[in-house]
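Architecture at a glance
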Amino acid sequence: MNVTFFGAAREVGRSAIMLEAGEKILLDCGIKPAKEPEYPLLDSKTIKSLDRVVLSHAHLDHSGYIPGLYGQGYKGQVEITKPTRDLIQLLLADFLRLNKINPPYSQVEVSRLLKSTSIREFDEPFKTKSSTIRFRTAGHILGAAMTEVHTANRKILYSGDIDIRESRLLDGAATDLEADTLILESTYGAKSDKHPSLKTTGKGFIDSVNRTLKRGGKVIIPTFAIGRGQEILFTLESYLRSGGLERVPIYLDGMVTRALRIYRHNAIYLKKEIQRRILTSEDDPFKSEFYFIPQRKDRGDVFEHDRAIILATSGMLNGGPVMSYLDKLGSDERNKLLLVGYQAAGTQGRELLEGRGYVETEGRRIDINCEIEQAPFSGHSDHAELVSFAKSVKGLKSVYVVHGEGSKSYELAEAIEAQCKGVQTIVPELGETIRI
Ligand SMILES: [Zn+2]
Ligand SMILES: [Zn+2]
């Protein structure tokens, strides 16, 4: 069997891995988020020869280039979970909105993709020409799956993005797995990547929000539409309810609200506890009296409040409604910009954290004088968890470490080799084909 890494090798972004064993299966096909997005290194001859695409989850670094495949002659299906199908509609439409100047495809290709999805349930294997494929729970975000591909003589497991810990909304990744070959993400693969507990993270986050509200400031939380956005919102909601957080309005702007609706529609994929709370409607965490949506186009109703919490997309400050809030509130020292989750290299979120005191939007420069902090919410497992995940896979012989900045992938590979007896690790190069 050949495996080719068309992206996400020694980088985060544009995940696209092809397995060739009788048929050609492409695992994910994403973009690399940046001011100028980058795409997988796939040529149209390869694209035309693909038999099948399997999508792990909705995030654009995994899904964002699939419509481009249809634009270049791909005619097959995309295997997908139900929530992922619902979520990509939202994310792909938004991607096109933000990339009007040089879009890699149009809404026509997005529609073709949506018509070509085959919905698969978790844990239910399905057969293809030469393999059996099965989705397993990955934690991470709603609908996120690990992918098992079993052929006559190989058992491949692709992690996609995983979180083995349970979060406020989701169960952790499945751990009863068997594979000879594991393709493993390493977003937080460095030895120094240690996530505090969910409780510590939540407490630190709420303390930080409270400090800003007490001095009469507003808190701007740029968020991914999907994933951390919901975790943060539910954390705020639970502290508001228990009196641990100052009573102020929480404004939701951008796709967070629509994503929230999709989460609620797909509640059977959330934790049992959340399903129970939805059923007893007075405790429904999706319908809090503290949530508001800006009513005026200029968002004047939000700015009228002395104190407020604002959740707005995009998470890495590459456009989206969050930019209007930074424009209006970013210069005031009383306010706070609270970044959450991974900030990829080359994004404005990352540059701000590295000390650049401004952001750019529509060719204009906005000086940022408000306080900037980062809350360690994460939908990914950390170093130790990734090692223990690899250890838990039965029959494992080799691990291909992907989806991480080079040094992080290497540190994870080294640790796995040291701690998992008889397991060989490889950190593939971009574009590399490896015979396994
Ligand atoms: Zn992801
Ligand atoms: Zn990812």
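Residues numbered from 1 in each chain as written. Chains lettered and ligands numbered in written order. Predicted model: local features only at pLDDT ≥ 70, side-chain atom pairs only at ≥ 80, totals over all residues. Heavy atoms only, no water.

1. Topic: the sheet that holds strand β14 (residues 291–292)
We apply this condition: Strands are treated as partners if at least two bridges between them are detected by DSSP. Working definition: helices are DSSP H or I runs of at least four residues, strands are E runs of at least two. Numbering for both runs from the N terminus. Between two residues, a contact is recorded if the distance between any of their heavy atoms is within 4.5 Å. A fitted line through C-alpha atoms represents every axis, and for helices the fit uses only the stretch in contact; the resulting angles, taken between N-to-C directions, go from 0 to 180 degrees.
Reading across from one edge, β14-β13-β15-β12-β16-β19 is the order of the six strands in this open sheet, with parallel pairing throughout. Each edge of the sheet is formed by a strand with only one pairing partner; in this case those strands are β14 and β19 (371–375). Taken together, the five bridges between strand β16 (residues 336–340) and β19 define a ladder with parallel strand orientation. Bridged to V340 within β19 is A375. The sheet strands contacting helix α6 (residues 198–214) are β12 (219–222), β15 (309–312), β16 and β19, and the helix crosses β16 at an angle near 165 degrees. In the packing of helix α7 (residues 228–242) onto the sheet, contacts are made with β12, β13 (250–253), β14, β15 and β16, and the angle to β15 comes to roughly 160 degrees.

2. Some remarks on the domain arrangement of the protein chain
Convention followed: Domain limits in this description derive from either an automatic procedure or a database domain assignment. Using a 1.4 Å probe, buried area is obtained as the accessible area two parts lose upon being combined, added over both of them.
If you check the domain split of the protein chain, you get domain 1 (2–192 + 379–435) and domain 2 (198–375). Relative placement of domain 1 and domain 2: their C-alpha centres are 28 Å apart. Each partner contributes to the interface: domain 1 provides 30 residues, whereas domain 2 provides 32 residues. Interface area, domain 1 with domain 2, both sides summed: about 3000 Å², of which 60% is carbon and sulfur.

3. Description of the environment of V423
Following the sequence through the fold, V423 ends up in the loop between α14 (406–419) and β21 (424–426). For the pair V423 and G13, spaced 410 residues apart in sequence, the C-alpha separation works out to 26 Å. Not counting residues up to four positions away in its chain, the partners in contact with V423 are L396, K397, S398, V399, I416 and E417.

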